[in-house]
Number of protein chains: 2
Amino acid sequence: MCPLSPGKRTGRPRSAAADRAILAATRAALAEQGWGRLTLGDVAARAGVAKTTLYRRWAGKNELVVDAVAALFEEQLELPDLGSLEADIQGVVLRFAELLNRPETRTALMAVIAEAAHDDALRLRIREAIVDRQKHLVVLGRKRAQARGEIPPEEDGAAGPERDNLIFDVVAGAVVHRVMVSSEPVDEEWAGRLAVLLVVGLAGLHTAQDP
Amino acid sequence: MCPLSPGKRTGRPRSAAADRAILAATRAALAEQGWGRLTLGDVAARAGVAKTTLYRRWAGKNELVVDAVAALFEEQLELPDLGSLEADIQGVVLRFAELLNRPETRTALMAVIAEAAHDDALRLRIREAIVDRQKHLVVLGRKRAQARGEIPPEEDGAAGPERDNLIFDVVAGAVVHRVMVSSEPVDEEWAGRLAVLLVVGLAGLHTAQDP
DNA sequence: GTGTTTCGCTACGACTCGTAGCGTAACTGG
DNA sequence: CCAGTTACGCTACGAGTCGTAGCGAAACAC
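Conventions used here
- Residues numbered from 1 in each chain as written.
- Chains lettered and ligands numbered in written order.
- Predicted model: local features only at pLDDT ≥ 70, side-chain atom pairs only at ≥ 80, totals over all residues.
- Heavy atoms only, no water.
- Least-squares fit on C-alpha atoms with pLDDT ≥ 70 in both.
- Contact = heavy atoms within 4.5 Å.
- UniProt positions renumbered as here; feature names shortened; annotations may be inferred.
- Helix = DSSP H or I, 4+ residues; strand = E, 2+ residues; numbered from the N terminus.
- Buried area = accessible area lost by both parts, 1.4 Å probe.
- Salt bridge = Lys/Arg side-chain N within 4 Å of Asp/Glu carboxyl O.
- Polar contact = N/O pair within 3.5 Å; in protein donor to acceptor, adjacent residues only side chain to side chain.
- Nonpolar A, V, L, I, M, F, W, Y, C, P; charged D, E, K, R; others polar.
- Near = heavy atom within 4 Å.
- Axes fitted to C-alpha atoms, helices over the stretch in contact; angles between N-to-C directions.
- Parallel < 35°, antiparallel > 145°, perpendicular 65-115°, else oblique.
- Left-handed = near helix turned anticlockwise from the far one by under 90°.
- Buried < 20%, exposed > 50% of the residue type's maximum accessible area, 1.4 Å probe, protein only.
- Arc of directions from axis to C-beta.

Looking up chain A in an unreviewed UniProt entry gives the name Transcriptional regulator, TetR family, with the organism given as Actinacidiphila paucisporea.

Structure follows, in structure tokens:
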């Protein structure tokens, strides 16, 4: 998750405290100013760090913000075990929505995704730092549900991963769209309806493909 | 969809051709440069228009891009009648994905949504120019399905609109997430699986709430 | 100590922003 | 045809940001 080249040994080491201060300052500035008015000079000043230090560690605004948001996701996002697939989905949806409701993430996530549309390296960085971690939750949730006997066990072929991908896009996409575009609250009721839709629909997907 | 104050009469009228040229230039610049490197000076030069003319009609980058994208949505997005709810969903998903795959919309949509996170006026503008038009397709699709007898007819209470909103967030969110975040193709197969998931899940939502 | 790397600081040219001022073009009402 | 009104193209401007370079001092490994 860190900046550049970790494999050096001699000379003065980079201050890890500065790293944390910079990422925290980035989130604070994002929350106040939003993506558009965010300047690296302001971030440096908040972090008590010279502007040149920022440019030594990150290539630009995009990379810095990705790391700042990824740190939040890493420490906040996990899959609670609530006893049933439906409850698990509802739980993780509520957690994800809580994360999306922070002012830092609201503006930052969409902005870096927009920039990634024409920047392959940035897209890869987002995938590794944020998306793969989310997708892992889907795989974990499916395995738990299979262990409980709620859905049929693993079959071979490409149908399994494809279904995981579909579920991931539906869950994450629906929550993001609800929060960012419709700008309506993700409460227990809405999360519950989404969970029902998914569990029932998932069963339909199985019967539709296995004759 | 147009700029400011439409209700004047005296004096030289604003050139409608300039409007179209500016919006087209904005889309072209977006496709080439992306949101981050897009400058209003460049747009003005492409459109063969003075920079001051741009600022007379639009408040800034955000508003201009919203209108430029909204024009695309207006002329491209509609709901085909393919004979069944499942086929209709699959069809509109494919159309929406086609729109999202254009380089202009890829970077522009996410960027304006990001800016709207801390700009209420912009969020309202996006809603009126883009979102409401999309949501209308959901309502239309539901009414068609009810006329065909595929789903139960209208009930009273707030359950109906709530269900429309859920479907809207799931469909639009899933497609956006698939294209922008997972960056994998929305082909007939994927759209078909999403349609099955929704139709089956929708039936589950009805039986879960009507005892 | 010696060598190496990072740090804070200052300064810089290049660029974009959004606005103001001016003379001209286009259209309206008398 | 002629004022009145508004939009247009052009130029120029201060303000702000960007990303980089150069410097001396500080923090580590050997």
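Structure's up, so let's keep going.
Chemist: With reference to specific residues and values, describe the relation of the copies chain B and chain A.
Modeler: Screw-axis analysis of chain B against chain A gives a translation of 0.0 Å along the axis, an RMSD of 0.0 Å, and a rotation angle of 180°. Expressed as a symmetry operation, the mapping of one chain copy onto the other fits a two-fold axis. Take the interface residues of chain B: 100% of them recur as interface residues in chain A, which is what a same-surface contact looks like.

Chemist: Describe the UniProt feature "domain: HTH tetR-type" (unreviewed entry) in chain A, with residues and values.
Modeler: As annotated in UniProt, the feature "domain: HTH tetR-type" (unreviewed entry) corresponds to residues 16-76 of chain A in the numbering used here. Its end C-alpha atoms 21 Å apart, residues 16-76 of chain A is made of 80% helix and 0% strand.

Chemist: Let's hear about the interface of chain B and chain A: which residues, and what values?
Modeler: Tallying the contact residues gives 45 residues for chain B and 45 residues for chain A. Of the roughly 3900 Å² buried at the junction of chain B and chain A (both faces included), carbon and sulfur atoms supply 64%. Sorting the residues of chain B by area buried against chain A places D169, R193 and L197 of chain B first, and these three jointly supply 16% of that buried surface. For the interface between chain B and chain A, the tally reads four salt bridges. Counting across the chain B and chain A interface gives 14 residue pairs in polar contact (both at pLDDT 80 or more). Contributions of two or more residues to the side of chain B that touches chain A are made by helix 6 (103-116), helix 7 (120-148), helix 8 (159-181) and helix 9 (188-209) of chain B. Tallied by class, residues from the side of chain B that touches chain A come to 23 nonpolar, 13 polar and nine charged.

Chemist: Requested: an account of the protein's contact with DNA strand C, with residues and values cited.
Modeler: Looking at DNA strand C, there are 22 residues lining it, with T52, T53 and R57 of chain A together with P13 and Y55 of chain B nearest. Those atoms of DNA strand C that come within 4 Å of the protein belong to sugar or phosphate at a rate of 59%. A distance of 3.4 Å separates a phosphate oxygen of DNA strand C from a polar atom in the backbone of A50 of chain A. Side-chain polar atom of T52 of chain A to a base nitrogen of DNA strand C: 2.9 Å apart, as the coordinates give it. Per-element accounting of the surface near DNA strand C gives the leading share, four residues, to helix 3 (residues 51-57) of chain A. In the surface near DNA strand C, the residues fall into five nonpolar, 10 polar and seven charged.

Chemist: Describe in detail the packing of helix 6 (residues 103-116) of chain A against helix 6 of chain B, supporting the description with residues and values.
Modeler: Geometrically, a packed helix pair is captured by the angle between its two axes and the distance between the axes. The contact between helix 6 of chain A and helix 6 of chain B brings their axes to 8 Å, and the two run at 160°. What the angle tells us is that helix 6 of chain A and helix 6 of chain B run roughly antiparallel. Where helix 6 of chain A crosses over helix 6 of chain B, the two elements pack in a sense that is left-handed. Within the contact between the two elements, helix 6 of chain A uses T107, M110, A111, I113 and A114 of chain A and helix 6 of chain B uses T107, M110, A111, I113 and A114 of chain B.

Chemist: Tell me about unusual backbone geometry, and please be specific about residues and values.
Modeler: For S183 of chain A, which is not glycine, the phi torsion reads 45° and is therefore positive. Looking at the element boundaries, S183 of chain A is found in the loop between helix 8 (159-181) and helix 9 (188-209).

Chemist: Help me get a handle on the UniProt feature "DNA-binding region" (unreviewed entry) in chain A, residues and values and all.
Modeler: Sites flagged by UniProt as "DNA-binding region" (unreviewed entry) map to residues 39-58 of chain A. Across residues 39-58 of chain A, helical content stands at 75% and strand content at 0%; the span's end C-alpha atoms are separated by 14 Å.

Chemist: Before we move on, can you summarise helix 2 (residues 40-47) of chain A with the specific residues and values?
Modeler: Residues and elements named next belong to chain A. If you check which residues of helix 2 are buried, you get L40, V43, A44 and A47. Considered in projection along helix 2, the buried side chains sweep an arc of 100° and stay on one side of the axis. Elements that come into contact with the buried residues of helix 2 comprise helix 1 (16-33), helix 3 and helix 4 (61-76).

Chemist: Tell me about the protein's contact with DNA strand D, residues and numbers included.
Modeler: By nearness alone, 23 residues border DNA strand D, and T52 and Y55 of chain A together with T52, T53 and R57 of chain B come closest of all. In the interface set of DNA strand D, defined as its atoms within 4 Å of the protein, sugar plus phosphate atoms amount to 61%. Note that a phosphate oxygen of DNA strand D is positioned 3.2 Å from one of the backbone N or O atoms of S15 of chain B. Between a phosphate oxygen of DNA strand D and a side-chain N or O atom of T53 of chain B, the distance comes to 2.8 Å. Elements that contribute at least two residues to the surface near DNA strand D include exactly helix 2 and helix 3 of chain A together with helix 3 (51-57) of chain B. For the surface near DNA strand D, the element with the most residues is helix 3 of chain B, which contributes four residues.

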